[in-house]
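Working through the structure, step by step
What follows is the residue order along each chain.
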Amino acid sequence: MSTVQQAVEYARKNQDKFLDDLKAIVAIPSISTTPENKSDMDRAAEWMASRLRNLGMNNVQIMPTGGPPVVYGEWLDAGKNRPTVMVYGHYDVQPVDPLDLWDTPPFEAITRGDNMFGRGTSDMKGQVVASLSAVESIINTGGLPVNLKWLLEGEEEIGSEHLGEFIQKHKELLKADVCLNPDAGMISADLPTITYGLRGLIYMELRIYGPSRDLHSGLFGGTVHNPAQAIIELIAGMHDKNGTITLPGFYANVRKLSDQERKDMAQLPTNEKFFLEQTGVPALWGEPEFIPIERTSGRPTLEVNGLLSGFTGEGSKTVLPAWAMAKISCRLVPDQTPMEIFKCMQAYLEANAPRDIRWELKNLHTAGAAITDIKSAGVQAMSKAFETVWGKRPLFKREGGSIGVVVQLQEYVGVESVLTGFGLPEDNVHSPNEKLHLPTWRRGIEALIHFFHNF
Ligand code: BES
Ligand code: MN
């Protein structure tokens, strides 16, 4: 039996052990955005470090950043004439609210049928465990054919801001020939996918202040501009009827989709029906001159992620609220930059906010848009691995989500990423009942084993 086949056999025999690993790390509620979970973040980092040590990685360190720590580990014994693969992962997850919509507790990984449920099972603790499992399978059979570096962060779900500083500070340590990044999913269980583009992001918080306190709506309604109304008037003006964004200068640096790219996108199975099925909406929305997949991956957007104002409890309260708040984020495409879009928003508010309220705009976090090189040796190795395991070539797509590290690695250390992963569109990532499709995950582990051998 070839060494690759031995590693695959090892992975097949050790499924339950790998799943136990995933259960253990899902049980740690490492939500990066909430300060209450800081100690859980540290525990998750320690779990990752001890897993790397068990694997036989050297120089395993939990390295401080201005944010959550980075877990680093390496194995460089393949030698100088062998390539070095960096494996990227994030151990943080998104919040779990609304909790009552979960059928099982979010931090207990529970298997039902072909799926394992729990926050982070798909995005992306399951993908990190898949990488660890593939490497373990190789180490315990023929041995690793490449050098390895692990870069595991805890700040991805909030924009990886401090990771950028970290990478700039540790350029030498992070030198590698390619970065395997399994944080981008697949189109469906039978369509292995390599992602070659990600959107960027700027996440803002807009606050509108009116009267100095909540007022009696009968005594003052009609004389005071209601902040809840003012904020929705401003928000309503941020798109025109077509779904085009109206902030001045917003589209100035948008890189146009080439004719070839538009042709390729039109061939993908992610058609209108796909989006209707995935979302449950009665009809789609957005710029009519672009097809849905272009709108979610090649065009920038502006979304209201949350709105808060006034009385929202049970029953009624006749009140004119003192303030209103909206969380607003824009997904960006090359060559837009987060800061230029922040300035567009400021300009829009300066031009359109009425004088009877005060406004305040904050930049919470950002991530850069990325296009990766699909001709790179890493992509070829992954593509061949998919052909071996799935019996077909992968699809190439651009994705609407953001992963901060991809541009940071390109810009600061010149490392290209192979973006892939074994999560599915129906995995409920960032939503209640997040899950991982186990048959796809198992094939994913095998594909990763082949990737390391091919590279
Ligand atoms: N894994 C996702 C991004 C993703 C999803 C890429 C599907 C490709 C396919 C990642 O964990 C994520 O959700 N990122 C955040 C980052 C943001 C807060 C800067 C996102 O896109 O909302
Ligand atoms: Mn995510």
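Procedures and definitions
- Along each chain, residues carry numbers from 1 onward, in the same order as the chain's sequence is written.
- Just so you know, chain letters begin at A and ligand numbers begin at 1, following the order they were written in.
- Only residues with pLDDT of 70 or above have their local features reported here, since the model is predicted, and side-chain atom pairs are shown and tallied only from 80 upward, although totals for entire chains, interfaces and linings are computed over all residues.
- Side-chain numbers come from the whole structure's heavy atoms, not from hydrogens or water.
- Any residue with at least one heavy atom within 4 Å of a molecule or strand is counted as near it.
- Polar contact is the term for a pair of N or O atoms within 3.5 Å; when the atoms are in protein, one must be able to donate a hydrogen and the other to accept it, and sequence-neighboring residues count only if both atoms are side-chain atoms.
- Surface exposure here means Shrake-Rupley accessible area, sampled with a 1.4 Å probe, where a residue is shielded only by the protein chains that are shown.
- For the purposes of this description, domain bounds are those given by an automatic or database domain assignment.
- What counts as a helix is a DSSP run of H or I of at least four residues, what counts as a strand is a run of E of at least two, and both are numbered from the N terminus.
- Here the expected length of a helix is defined as 1.5 Å per residue gap, with one fewer gap than residues.
- Exposure is judged per residue with a 1.4 Å probe applied to protein chains only, and the accessible area is read against the type maximum: over 50% gives exposed, under 20% gives buried, and values in between give partly exposed.
- For our purposes a nonpolar core is just a set of buried Ala, Val, Leu, Ile, Met, Phe, Trp, Tyr and Cys residues, chained together by side-chain atoms within 4.5 Å.
- Residues count as neighbours in contact if any of their non-hydrogen atoms are within 4.5 Å of one another.
- Any pair of cysteine sulfurs within 2.5 Å is marked as a disulfide.
- Any Lys or Arg side-chain nitrogen found within 4 Å of a carboxyl oxygen on Asp or Glu counts as a salt bridge.
- Defined in terms of a 1.4 Å probe, buried area is the accessible area two parts forfeit on being brought together, summed over both.
- A pair of strands is treated as paired once DSSP finds two or more bridges between them.
- In this description, a line fitted to the C-alpha atoms serves as the axis of each element, helices being fitted only across the stretch in contact, and the angle between N-to-C directions of two axes falls anywhere from 0 to 180 degrees.
- Two rings from Phe, Tyr or Trp (for Trp, the six-membered ring) form a pair when their centres sit within 6.5 Å of each other. Planes less than 30 degrees apart are called stacked, planes more than 60 degrees apart edge-to-face, and all others tilted.
- Here is the rule for angles: anything less than 35 degrees is roughly parallel, anything more than 145 is roughly antiparallel, 65 through 115 is roughly perpendicular, and the remaining ranges are oblique.
- Here is the rule for handedness: rotate from the far helix to the near one, and if that takes an anticlockwise turn smaller than a right angle the crossing is left-handed, while a clockwise turn gives right-handed.
- Here a donor is any nitrogen, oxygen or sulfur atom (N, O, S) within 2.8 Å of the metal, with 3.2 Å used for Na, K and Ca; water is not among the atoms considered, so some sites may look incomplete.

What about the site of ligand 1?
- Neighbouring ligand 1 are 16 residues; Asp-123, Glu-156, Asp-183, Arg-331 and Glu-399 lie closest to it.
- The separation between an oxygen atom of ligand 1 and a polar side-chain atom of Glu-157 is 3.0 Å.
- The contact in question runs from a nitrogen atom of ligand 1 to an N or O atom on the backbone of Ser-402, over 2.9 Å.
- Summarising the interface, the protein chains cover 88% of the accessible area of ligand 1, which totals 510 Å² for the free molecule.
- When we break the shell around ligand 1 down by domain, the ones giving at least three residues each are domain 1 (3–198 + 369–454) and domain 2 (200–254 + 300–367).

Comments concerning helix α4 (residues 125–139)
- Compared with the 21 Å implied by 1.5 Å per residue over 15 residues, the 21 Å span of α4 between its first and last C-alpha is a close match.
- Across the 15 residues that make up α4, a large majority, 14, are buried.

As for the nonpolar core
- Among the nonpolar cores identified, the biggest contains 89 residues, and Met-57, Val-85, Leu-148, Trp-150, Met-382, Trp-441 and Phe-452 are the most heavily contacted of them.
- The biggest single contributor to this core is helix α14 (residues 438–454), with 8 residues.
- When neighbours within four sequence positions are excluded, Val-85 is seen to be in contact with Val-146, Asn-147, Leu-148, Lys-149, Val-178, Leu-180, Phe-451, Phe-452 and Phe-455.
- Counting residues in each nonpolar core, the second largest holds 27 residues, with Ile-328, Phe-342, Cys-344 and Leu-349 among its members.

Notes on the state of the cysteines
- Under the criterion given, the structure shown has 0 disulfides.
- Among the cysteines around Cys-330, which has no disulfide bond, Cys-344 carries the closest sulfur, lying 8.7 Å off.
- The class of Cys-330 is buried, set by a relative accessible area of 0%.

Remarks on the pattern of salt bridges
- Applying the stated criterion across every chain, the model contains 19 salt bridges.
- For Glu-136, the salt bridge goes to Lys-17, with nearest N and O atoms at 2.6 Å. Taken as a pair, Glu-136 in helix α4 and Lys-17 in helix α2 (residues 15–26) lie far apart in primary sequence, 119 residues in all.
- According to the relative accessible area criterion, Glu-136 is buried, its value standing at 5%.
- Linked through salt bridges whose partners overlap, the residues forming this network are Lys-17, Asp-21, Arg-51 and Glu-136.

Brief notes about the domain arrangement of the protein
- Domain annotation of the protein identifies domain 1 (3–198 + 369–454) and domain 2 (200–254 + 300–367).
- Across the domain 1/domain 2 interface, buried area totals approximately 720 Å², and carbon plus sulfur atoms make up 55% of it.
- Viewed at the interface, domain 2 and domain 1 are joined by 0 salt bridges.
- Our enumeration of links across domain 1 and domain 2 arrives at 2 residue pairs in polar contact (both at pLDDT 80 or more).

What about the sheet that holds strand β4 (residues 110–112)?
- Judged by pairing direction, the sheet is antiparallel, and its 3 strands sit side by side in the order β4-β5-β18 without closing on themselves. Because the sheet does not close on itself, it has two edges, and the strands there are β4 and β18 (435–437). Strand-to-strand twist of the sheet, defined as the mean angle between neighbouring strand axes without regard to direction, takes the value 25°.
- Set on the sheet, α14 makes contact with β4, β5 (115–117) and β18; between it and β18 the angle comes to about 65°.

Overview of the packing of aromatic side chains
- In the structure shown here, the tally under the stated rule is 6 aromatic pairs.
- On the basis of an interplanar angle of 70° and a centroid distance of 5.4 Å, the ring pair of Phe-451 and Phe-452 is categorised as edge-to-face.
- Overall, the relative accessible area of 0% leaves Phe-452 in the buried class.
- Seen in terms of ring centroids, Phe-451 and Phe-455 are 6.0 Å apart; in terms of plane orientation they differ by 25°. Their pairing is stacked. Residue Phe-451 shares its accessibility class with Phe-455, and that shared class is buried.

Focus on the sheet that holds strand β11 (residues 301–309)
- Spatially, β11-β13-β9-β14 is the arrangement adopted by the 4 strands of the open sheet, whose pairing is antiparallel. Each edge of the open sheet is held by one strand with a lone partner, namely β11 and β14 (358–367). Looking at each pair of strands side by side, their axes are set apart by 20° on average, direction ignored.
- Where strand β9 (residues 200–209) and β14 come together, 9 bridges link them in antiparallel fashion. Each bridged residue has a counterpart across the sheet, and for Ile-208 the counterpart in β14 is Trp-359.
- Across the face of the sheet, helix α7 (residues 227–236) comes into contact with β9, β11 and β13 (323–332) while running at roughly 20° to β13.

What to know about the packing of helix α5 (residues 161–169) against helix α13 (residues 405–413)
- Where α5 meets α13, the closest approach of the two axes is 10 Å, and the angle between their N-to-C directions is 25°. The orientation of α5 with respect to α13, classified from their angle, is roughly parallel. Handedness of the α5/α13 crossing: right-handed. Where α5 approaches α13, its residues Leu-163, Gly-164, Ile-167 and Gln-168 are matched on the opposing element by Val-405, Gln-408, Leu-409, Tyr-412 and Val-413.

Points about the coordination of the manganese ion (ligand 2)
- All of the protein donors around the manganese ion (ligand 2) are Asp-123 (OD), Glu-157 (OE), Glu-157 (OE) and His-430 (NE2); their distances to the metal are 1.9 to 2.6 Å.
- Every donor residue of the manganese ion (ligand 2) comes from the same chain, spaced as D-x33-E-x272-H. Of this pair, Glu-157 sits in the loop between β6 (147–153) and α5 while His-430 sits in the loop between β17 (417–419) and β18; the two residues are 273 residues apart in sequence, bridging distant segments of the chain.
- On the accessibility criterion, Glu-157 (12% relative accessible area) is buried.
- Judged by relative accessible area, which is 39%, His-430 ranks as partly exposed.

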